[in-house]
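The primary structure of each chain is shown beneath.
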Amino acid sequence: MSAVPSINITGLGAMRGDRVLFTGVSLSVEAGQICVLRGANGSGKTTLLRLLAGLIPVEAGEITVNGAVHWLGHADGLKPHETPRGHLKHWASAWGSDADISGILSRNGVERAADVSATGLSAGQRRRTAFGRLQLTDRPIWLLDEPFSALDADGKDLIAKQISDHRDAGGVTIASAHGELPLEADQELML
């Protein structure tokens, strides 16, 4: 990672329709840190992540993002006919990546299902494949919306290790979560 990644939020606010989701949110996440967003369903965790990813406009406050961002939302992004291998090859081509697709499939525990269409995959296999997209290019900031959803205990441990390795390499991770996490966060933000 070349530049020192960070995300800084000052006085951020967001609405959904006529309802205020949150106001006055300030946060600083530096290189080598993991921040977990917590709150009830509908509290604005996904909205905050989408704001940080630049997917929706900021209505109030300021966001400063230093570094390239990877976004992993709720949806796995696989088309019904796509295989894990085909999905990763598509994104590698789109991003100009020469990443080792077989290695990524193996690292994410989907090598045996690499050529099965998405309709034949479990929700956990689709989630692991989606997480493999993060490994196609070196983007120091990971924004993860419920990264552990649909995963069994082994899958959660596998993804937790990759997030921890990303932190150890100087990356920034901001993730929304419900319940216990299989990794230690540097900070938490309650919405």
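Before any of the text, the structure's been laid out above.
Okay, so let's go over this structure. What you see is a predicted model, and the numbers here were worked out from it, not measured in a lab.

Each value, and the rule that gives it
- Residues numbered from 1 in each chain as written.
- Predicted model: local features only at pLDDT ≥ 70, side-chain atom pairs only at ≥ 80, totals over all residues.
- Heavy atoms only, no water.
- Phe/Tyr/Trp six-rings, centres within 6.5 Å; stacked < 30°, edge-to-face > 60°.
- Helix = DSSP H or I, 4+ residues; strand = E, 2+ residues; numbered from the N terminus.
- Buried < 20%, exposed > 50% of the residue type's maximum accessible area, 1.4 Å probe, protein only.
- Lys NZ or Arg CZ within 6 Å of the ring centre and 35° of its normal.
- Contact = heavy atoms within 4.5 Å.
- Core = buried A, V, L, I, M, F, W, Y, C linked by side-chain atoms within 4.5 Å.
- Pairing = 2+ DSSP bridges.
- Axes fitted to C-alpha atoms, helices over the stretch in contact; angles between N-to-C directions.

Further remarks concern the packing of aromatic side chains. For any pair of aromatic rings, geometry is given as the distance between the ring centres together with the angle between the planes. In total, this model carries 2 aromatic pairs according to the counting rule given. Measuring from centroid to centroid gives 5.2 Å for Trp91 and Trp95, while their planes differ by 40 degrees, and the two rings are tilted. Here the residue Trp91 and the residue Trp95 both occupy positions in helix α2 (residues 84-95), the gap between them amounting to 4 residues, near one helical turn. Centre to centre, the rings of Phe131 and Trp142 are 5.6 Å apart; their planes meet at 90 degrees, and the pair counts as edge-to-face. With Phe131 in helix α4 (residues 123-132) and Trp142 in strand β6 (residues 141-145), the pair connects residues that are 11 residues apart, well separated along the chain. Here Phe131 matches Trp142 in class, with each residue buried. Its end group placed over the ring of Trp95, Arg139 keeps NZ or CZ at 4.6 Å from the ring centre.

Let us look at unusual backbone geometry. Its identity as a non-glycine residue notwithstanding, Glu146 has a phi of 50 degrees, on the positive side. Along the polypeptide, Glu146 turns up in the loop between β6 and α5 (153-168). Taking relative accessible area as the criterion, Glu146 reaches 12% and is therefore assigned buried. Phi at Ala150 takes a positive value of approximately 70 degrees, unusual for a residue other than glycine. Tracing the sequence through the fold places Ala150 in the loop between β6 and α5.

All right, on to the environment of Glu62 then. Examined against the element boundaries, Glu62 turns out to sit in strand β4 (residues 60-66). Assessed through its relative accessible area of 55%, Glu62 is described here as exposed. The spatial distance from the C-alpha of Glu62 to the C-alpha of Thr10 is 5.2 Å, given a sequence separation of 52 residues. In this view, Glu62 contacts Asn8, Ile9 and Thr10; residues no more than four positions away in its chain are not counted.

A separate point is α4. Within α4, 7 of the 10 residues are buried, which leaves it mostly tucked inside the rest of the structure. Every buried residue of α4 is accounted for by Gly124, Arg127, Arg128, Thr129, Ala130, Phe131 and Gly132. Next to the buried residues of α4 lie β5 (69-72), α2, α3 (101-107), β6 and α5.

We now examine the nonpolar core. The biggest cluster of nonpolar side chains holds 20 residues, and the ones touching the most others in it are Phe22, Leu48 and Ile174. Those elements giving two or more residues to this core turn out to be β1 (6-16), β2 (19-30), β3 (33-38), α1 (45-52), β6 and β7 (172-176). The biggest single contributor to this core is β2, with 5 residues. For Phe22, the residues in contact, after removing those within four places along its chain, are Leu12, Gly13, Ala14, Ser43, Gly44, Leu48, Leu51 and Leu191.

This part takes up the sheet that holds β4. Judged by pairing direction, the sheet is antiparallel, and its 3 strands sit side by side in the order β2-β1-β4 without closing on themselves. At either margin of the open sheet sits one strand with a lone partner, and together these are β2 and β4. Here the strands of the sheet are splayed against their neighbours by 20 degrees on average, with no regard to which way each runs. Here α1 sits on the sheet in contact with β1, β2 and β4, set at roughly 125 degrees to β1.

Glancing now at α1. Extensive coverage of α1 is indicated by the burial of 6 of its 8 residues. Residues of α1 that are buried: Lys45, Thr47, Leu48, Leu49, Leu51 and Leu52. After α1 finishes, the residue Gly54 shows a positive phi value of roughly 80 degrees.

With that out of the way, let us pick up the environment of Ile163. Tracing the backbone through its elements, the reader meets Ile163 in helix α5. Sequence separation between Ile163 and Ile34 is 129 residues; the distance between their C-alpha atoms is 8.3 Å. Other than its neighbours up to four places away in sequence, Ile163 contacts Ile34, Phe131, Trp142, Leu144, Phe148, Thr173 and Leu183.

Purely spatial values, then, with no claim about function.
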